[in-house]
Amino acid sequence: MLNPSMMKKIAFPALLALGLSACATAVPPVEVTRFHIENPARSGSIAVEEMAGNPDVGLEFRTYAAAVEQELQRVGFTSAAPGARSDYVALVSFRRTFREPESYGANGKPVSVGVGGAVGSGGYSGLGLGIGINLSGKPKGQVFTELQVQIRRRADSSTIWEGRAQTGAREGTPASQPGLAAQKLAAALLGGYPGESGQTITVK
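Residues numbered from 1 in each chain as written. Predicted model: local features only at pLDDT ≥ 70, side-chain atom pairs only at ≥ 80, totals over all residues. Heavy atoms only, no water.

Remarks on the sheet that holds strand β8 (residues 159-170)
So, point 1. The strand order β3-β2-β4-β7-β8-β1-β9 describes an open sheet built from 7 strands, whose pairing is mixed. A strand with exactly one partner marks an edge of an open sheet, and here the two such strands are β3 (77-79) and β9 (200-203). Direction aside, the axes of adjacent strands within the sheet are offset by 30° on average.
So, point 2. Where strand β7 (residues 142-153) meets β8, 11 bridges bridge the pair, whose relative direction is antiparallel. Residue pairing for β8: Glu146 is matched across the bridge by Gln166.
So, point 3. In the packing of helix α2 (residues 60-74) onto the sheet, contacts are made with β2 (44-50), β3, β4 (88-99) and β7, and the angle to β4 comes to roughly 130°.
So, point 4. In the packing of helix α3 (residues 178-190) onto the sheet, contacts are made with β1 (30-36), β4, β7, β8 and β9, and the angle to β1 comes to roughly 45°. (Pairing = 2+ DSSP bridges. Helix = DSSP H or I, 4+ residues; strand = E, 2+ residues; numbered from the N terminus. Axes fitted to C-alpha atoms, helices over the stretch in contact; angles between N-to-C directions. Contact = heavy atoms within 4.5 Å.)

What follows is the structure in structure tokens.
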């Protein structure tokens, strides 16, 4: 018979593996569209910069820029040394929007109303009114994240590749957080670089 300490040693790794598996399956699919010239560059030094007009500026941009830079290295590019003129530049833009859930009651919770009638043994009639309130709380909204990347040749500013990836996740879940969303979007967008031009695919 296993003693309590041995059971803990066995149970903890199992629970950890189950938790990691649940996190992995919780990440929603990503919709990806890419366009590029014939045989775009697959190597050379590249610098990641913020795209002009990026709607979401600030510290969060670094999270997406770092994820894009990591994936560019995976497909063959090298990061430009600080202050050096790179062969290519990757312009990055991202947008996060929130969509409220639909159909709430006046108190912010889904409400259902039921009416029932009955006749008692004394001949009277009774009318019952039941109101059911969902005590699980207000349903979560959806967070939609979009990542756009454009690769340009530094020498003549010509665009050789560009793509867009977008996904949605329920508010408050790990998949809705910037860190996980950035990694998932960058990997889906640049995975299999350069990809089929003009084709929209779903990456799970």
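Things to note about the side chain of Thr145
So, point 1. Along the polypeptide, Thr145 turns up in strand β7.
So, point 2. A polar contact of 3.3 Å, which involves the side chain of Thr145, links it to the side chain of Arg96.
So, point 3. Residue contacts for Thr145: discarding those within four places in its chain leaves Tyr64, Arg95, Arg96, Ala165, Gln166, Thr167, Ala181 and Leu185. (Polar contact = N/O pair within 3.5 Å; in protein donor to acceptor, adjacent residues only side chain to side chain.)

Description of unusual backbone geometry
So, point 1. Look at the link from Tyr193 to Pro194: it is a cis peptide, with omega at 5°.
So, point 2. As for its placement among the helices and strands, Pro194 is situated in the loop between α3 and β9.
So, point 3. A positive phi angle, near 50°, is found at Asn39, a position not held by glycine.
So, point 4. Its relative accessible area of 65% is what places Asn39 among the exposed residues.
So, point 5. Although it is not a glycine, Ser157 sits at a positive phi angle of roughly 60°.
So, point 6. With respect to the helices and strands, Ser157 occurs in the loop between β7 and β8.
So, point 7. On the accessibility criterion, Ser157 (48% relative accessible area) is partly exposed. (Buried < 20%, exposed > 50% of the residue type's maximum accessible area, 1.4 Å probe, protein only.)

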